[in-house]
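# Fold and contact review
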Amino acid sequence: MEKFATLINGSKPVLVDFFATWCGPCQLMPPILDQVKAAVGDQAVIIKIDVDRNPAVASKYGIRGVPTLILFKNGEIKWQQSGVVQARELIQVITSNQTI
């Protein structure tokens, strides 16, 4: 939890994929996130958090459904959406939050 807090409070955008191993739509996200990582490189950090293994974090951010993606920057939520999100939309969200 401390490492997570330190990470999301940084100036680099952090995209968090809240997921569950039993969730069908969650299985679609890894290749999409790979595309996003390839496009944005080290301009952003992408992490995955299993809501079943990290219930305190999921509860803190009000995660009700998975997958839920949240973009943090400087400790603030800049963008949030539930469901499968396509790579081009995620890339756009990350790049639009880099210079703010």
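Residues numbered from 1 in each chain as written. Predicted model: local features only at pLDDT ≥ 70, side-chain atom pairs only at ≥ 80, totals over all residues. Heavy atoms only, no water.

## Notes on helix α4 (residues 87-96)
Considered for burial, the residues of α4 that qualify are A87, L90, V93 and I94. The buried residues of α4 occupy one face: seen down the axis, they fall within an arc of 125°. For α4, the exposed residues set more than 90 degrees away from the buried face come down to R88 and Q92. Turning to α4, the residues buried within the fold contact β1 (14-19), α2 (29-40), β3 (68-73) and β4 (76-82). (Buried < 20%, exposed > 50% of the residue type's maximum accessible area, 1.4 Å probe, protein only. Helix = DSSP H or I, 4+ residues; strand = E, 2+ residues; numbered from the N terminus. Arc of directions from axis to C-beta. Contact = heavy atoms within 4.5 Å.)

## Remarks on the pattern of salt bridges
As enumerated under the stated definition, the model contains two salt bridges in all. For K48, the salt bridge identified is with D17, shortest N-O distance 2.7 Å. Of this pair, K48 sits in strand β2 (residues 45-50) while D17 sits in strand β1, and the two are 31 residues apart along the sequence. Accessibility expressed as a relative area gives 37% for K48, which makes it partly exposed. (Salt bridge = Lys/Arg side-chain N within 4 Å of Asp/Glu carboxyl O.)

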